[in-house]
Amino acid sequence: AIDDRVETSWRSEFDPAAPLPQSITLDLHQVRGVSSLAYQPPVTSADTGTITGYEVELSTDGRNFSQVASGSWPATIATKVANWGKPVRARYVRLVATSATGCPATASAAEIGVSATPITDFGALSGPGGGSGGGLPSQFDNLVPQSQMTATATSYHPGYQPSYAVDGDCSTFW
């Protein structure tokens, strides 16, 4: 989910399915100002694991989290964005899936980005380039480098360890 590869993805446990809500937490390894999150569902299908209801929570210590955003996203493979205005100081950024596609519903993410500035919701745009999905746009100048993050999750399926999301190996995924 933070390996810069849309062909790999994180999935919550799916056999048996771990009930929602499920979450993935990014450790930025230092406290920094963050004001938005970009979520790229798996590009293979919007029908299984695409997060449609979400909450974003922030923490400086990894134990005490505060919700800064919540809402719903369409069940498409387009990149989704959650903005919460002014930057909030945080080391940990948690995306909570409160609803998702599939039966049973599980959560998944191909990529998650965190930005110090608000992100344009390219998936909501109409016309050329808008709403068609396909990864995080390269114009995101203020994204925290994924090499400066690690990831943990509330659940994962055996063989899909969280460390695979950041190992840089396209043959492994989380």
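For clarity, every value in this text was computed on a predicted model and none was experimentally measured.

J.: Mind showing me how you'd approach the overall build of the chain here?
T.: When helices and strands are tallied, the chain shows 0 helices and 8 strands. In sequence order, the secondary structure elements of the chain are arranged as β-β-β-β-β-β-β-β. Within the span of the chain, comprising 174 residues, buried residues form 44% of the whole. Of the contacts made within the chain by residues no fewer than 6 positions apart, 80% connect residues no fewer than 24 positions apart.

J.: It is not clear to me how the confidence of the model for the chain should be interpreted in this structure. Could you clarify?
T.: Predicted coordinates in regions of low pLDDT should not be interpreted in detail. Across the chain, the average pLDDT comes to 80, with 75% of residues at or above 70. When mean pLDDT is taken per element in the chain, strand β4 (residues 66-72) scores highest with 98 and strand β1 (residues 10-11) scores lowest with 76. For the stretch residues 125-139, pLDDT sits under 50, and the model shows 23 contacts to residues farther than four places along the chain or on other chains.

J.: Help me understand the pairing of strand β5 (residues 80-100) in this model?
T.: Two faces make up the sheet, and in a regular strand the side chains alternate between them. Across 13 bridges, strand β2 (residues 22-40) lies against β5 in antiparallel orientation. Paired with S36 across the two strands is N83, which belongs to β5. In terms of strand pairing, strand β3 (residues 51-59) meets β5 through 8 bridges, oriented antiparallel. Bridge pairing in β5 links V56 to L95.

J.: I'm lost on the pairing of β2 in this one. Help?
T.: Most of β2 is tucked away, with 15 of its 19 residues classed as buried. Here β2 pairs with strand β8 (residues 150-153) via 4 bridges, running antiparallel. By the bridge assignment, L26 is partnered in β8 with A151. Pairing analysis gives 5 bridges linking β2 to strand β7 (residues 111-115), with the strands arranged antiparallel. Among the inter-strand pairings, L37 is bridged to a residue of β7, identified as V114.

Calculation notes
- Residues numbered from 1 in each chain as written.
- Predicted model: local features only at pLDDT ≥ 70, side-chain atom pairs only at ≥ 80, totals over all residues.
- Heavy atoms only, no water.
- Helix = DSSP H or I, 4+ residues; strand = E, 2+ residues; numbered from the N terminus.
- Buried < 20%, exposed > 50% of the residue type's maximum accessible area, 1.4 Å probe, protein only.
- Contact = heavy atoms within 4.5 Å.
- pLDDT = per-residue confidence, 0-100.
- Pairing = 2+ DSSP bridges.

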